[in-house]
Amino acid sequence: DAKTTQPPSMDCAEGRAANLPCNHSTISGNEYVYWYRQIHSQGPQYIIHGLKNNETNEMASLIITEDRKSSTLILPHATLRDTAVYYCIVRPYNQGGKLIFGQGTELSVKP
Amino acid sequence: DAGITQSPRYKITETGRQVTLMCHQTWSHSYMFWYRQDLGHGLRLIYYSAAADITDKGEVPDGYVVSRSKTENFPLTLESATRSQTSVYFCASSESLGRYATNEKLFFGSGTQLSVL
């Protein structure tokens, strides 16, 4: 099973920041946190990943707490096209190339 | 930018038939994966492959067979399809997601929607 906990759904107003939380209290020191999203009927899309420092790219920012037990994905100015299911994943260390997806958070961006 | 392609996009078959879903990537990525997605279960890993001729089971491998004779292709076969295998199947690839790698990303295809009647 995935070692992450996310709220099943969230709403966000268009143009506002969307903050998606994720708990990963059993994370190991050398495990990365990944975020993917899946827009309806499409394949999942990589967003961002991090180990311990905060990360930012053209799509989003990732804030990881100092104890690494939780993280937040931030979409700074959400648009209607950001409506999707967002998956927070902890990559198992030493288990080869497996990413185990949980249930994710269904984000609805509303006008 | 061909990337990763899956075929067919939609497939309807009958119980007991053999079905093969195709996956092709143009990046020469080492790792390839098959996932299935069902309501209430999210994405579940079926099989993955670290390189040509190397495959390994994921979470739900029963009823499926894979092969990887060439780096770019990773077909998934249902030898005797059952209704429980009705699902959306996604193929993915990654440049390197080795045993100790921790910072690689997966690229997914558009999926194959399979219905077993």
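Note that residues are indexed from 1 along each chain, following the sequence as it is written. Just so you know, chain letters begin at A and ligand numbers begin at 1, following the order they were written in. Owing to the predicted nature of the model, reporting of local features is limited to residues with pLDDT of at least 70; listing and counting of side-chain atom pairs is limited to 80 or more, with chain, interface and lining totals taken over all residues. Hydrogens and water molecules were not included; the side-chain quantities draw on all heavy atoms of the structure.

How should the state of the cysteines be read in this particular structure?
By disulfide we mean two sulfur atoms from cysteines, separated by a distance within 2.5 Å. On inspection of all chains with the given rule, the structure shows two disulfides over all chains. The disulfide that involves C22 of chain A links it to C88 of chain A, with 2.1 Å between the sulfurs. In this structure the cystine formed by C22 of chain A and C88 of chain A twists about its S-S bond by roughly -80°; its chirality is therefore left-handed. Residue C22 of chain A is found in strand β2 (residues 18–23), and its partner C88 of chain A is found in strand β8 (residues 84–90); the two are separated by 66 residues along the sequence. Burial classification: accessible surface area is computed with a 1.4 Å probe over protein chains only, and a residue below 20% of its type maximum counts as buried, one above 50% as exposed, and the rest as partly exposed. By relative accessible area, C88 of chain A is classed as buried at 1%. What pairs with C23 of chain B in a disulfide is C91 of chain B, and their sulfur atoms sit 1.8 Å apart. Disulfide C23 of chain B to C91 of chain B: torsion about the S-S bond roughly -75°, handedness left-handed. By definition, any uninterrupted DSSP run of H or I lasting at least four residues is a helix, any uninterrupted run of E lasting at least two residues is a strand, and each is numbered from the N terminus.

Whenever I open this one, the sheet that holds strand β4 (residues 45–50) of chain A confuses me. Can you help?
Pairing between the strands of a sheet is mediated by backbone hydrogen bonds and can be parallel or antiparallel. Residues and elements named next belong to chain A. Read from one edge to the other, the open sheet built from five strands follows the order β1-β9-β8-β3-β4, with strand pairing classed as mixed. Pairing within the sheet leaves two strands with one partner each, and these edge strands are β1 (9–13) and β4. Each strand axis lies, on average, 25° off the axis of its neighbour in the sheet, ignoring direction. Pairing between strands requires that DSSP locate at least two bridges from one strand to the other. Alignment of β1 against strand β9 (residues 105–110), held across five bridges, turns out to be parallel. Angles shown run from 0 to 180 degrees and are taken between the N-to-C directions of axes, each axis being a line fitted to C-alpha atoms and, for helices, limited to the stretch in contact.

When you look at the pairing of β8 of chain A in this model, what are you seeing that I'm missing?
For a regular strand, side-chain orientation follows a simple rule: the groups alternate between the two sheet faces. Residues and elements named next belong to chain A. Across the seven residues of β8, seven count as buried, placing the element largely inside the fold. Residues A84, Y86, C88 and V90 of β8 are buried on one face, and the alternating residues V85, Y87 and I89, pointing to the opposite face, are buried as well. Here six bridges tie strand β3 (residues 33–38) to β8, and the two strands are oriented antiparallel to one another. Within β8, the residue paired with W35 across the bridge is C88. Inspection of the sheet shows β8 paired to β9 by three bridges, in the antiparallel sense. Across the sheet, residue Y86 finds its bridge partner in β9, namely T105.

It is not clear to me how the sheet that holds strand β7 (residues 70–75) of chain A should be interpreted in this structure. Could you clarify?
Residue and element names in this part refer to chain A. One open sheet holds the four strands; their spatial order is β2-β7-β6-β5, and the pairing between them is antiparallel. Two strands bound the open sheet, and with one partner strand each, they are β2 and β5 (55–56). As paired strands, β2 and β7 are joined by six bridges and run antiparallel to one another. What sits directly across from A18, in β7, is L75.

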